[in-house]
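Overview (structure and organization)
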Amino acid sequence: MKRGGRLFGDPAVKPMQRAIIIVAAALLLPTVALTALLLATSFTGEREAVERAAFARTEQIGALVDSRVRSDFAVMRVLSSAATMRAGDWAGAARRAEEVMAITPGWRNVVLTEVVTGREVVNLRGGSPEQSASRATVAPAAGYVSRAGPGCPCVWLHLPAREAGRRYVLSVALDPRVLQDIVRPRAPADGIVAVVDRR
């Protein structure tokens, strides 16, 4: 121990010290690299697992929402084929629509519009469907979220109907909370959930 008890201060020890550091670094470098690689792989694996779970949850929610909307369209088909509608008995059709609306959760309004004239022959609550009803003259269509009308915001569902040679569109205003009730329980506890349209 020369120079005040400093062993490594000795010029003869310096090359040995460097050699130890180089050997230690050579031994530690693969361990550090392997640890970094394992951490990166672990984070990538976790990220991919989270993404897979999110996509699976999204597909499940989409399927459930589609199922709900398909069931609403099925009820609308039955309603549009009611004898009162086929006979053009609009007062009777309105009564039947009220009965169906009362037992179908989330329905806020039922409107039957004659396509050619644009005349609403049945409108239970006032407020008219938005413009997307015109798209439904050929196939069922789901419209945008609309704030117009009693009990809204609503998502308008439109179904083409043909009775006695005349073309109609049956429209139902659906409360979006029905859809939120499907989405909310399947969302992560710390997640934000919203039902939005394309606009």
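Quick note: structure is the one above.
Residues numbered from 1 in each chain as written. Predicted model: local features only at pLDDT ≥ 70, side-chain atom pairs only at ≥ 80, totals over all residues. Heavy atoms only, no water.

So, the overall build of the protein chain
Looking only at helices and strands, the protein chain features four helices and five strands. Helices and strands appear in the protein chain in the N-to-C order α-α-α-β-β-β-β-β-α. The proportion of buried residues among the 199 residues of the protein chain is 32%. Residue pairs at least 24 apart in sequence account for 52% of intrachain contacts in the protein chain once pairs closer than 6 positions are excluded. For the protein chain, the exposed surface amounts to about 12,500 Å²; the carbon and sulfur share of it is 61%. (Helix = DSSP H or I, 4+ residues; strand = E, 2+ residues; numbered from the N terminus. Buried < 20%, exposed > 50% of the residue type's maximum accessible area, 1.4 Å probe, protein only. Contact = heavy atoms within 4.5 Å. Areas by Shrake-Rupley, 256 points an atom, 1.4 Å probe, with all protein chains shown as cover.)

Digging into the environment of Val116
Summarising the element assignment, Val116 is placed in the loop between strand S1 (107-114) and strand S2 (120-123). A relative accessible area of 71% means that Val116 is categorised as exposed. Considering only alpha carbons, one finds Val116 and Tyr168, 52 residues apart in sequence, at a separation of 8.2 Å.

Digging into the pairing of strand S4 (residues 154-163)
As a general feature of sheets, a regular strand has side chains that alternate between the two faces. Summarising burial for S4: eight of the 10 residues are buried, a large majority. Sheet topology places strand S3 (residues 141-146) next to S4; four bridges connect them, and they run antiparallel. Paired with Ala141 across the two strands is His158, which belongs to S4. (Pairing = 2+ DSSP bridges.)

Without other data, these values stay purely geometric and don't point to any function.
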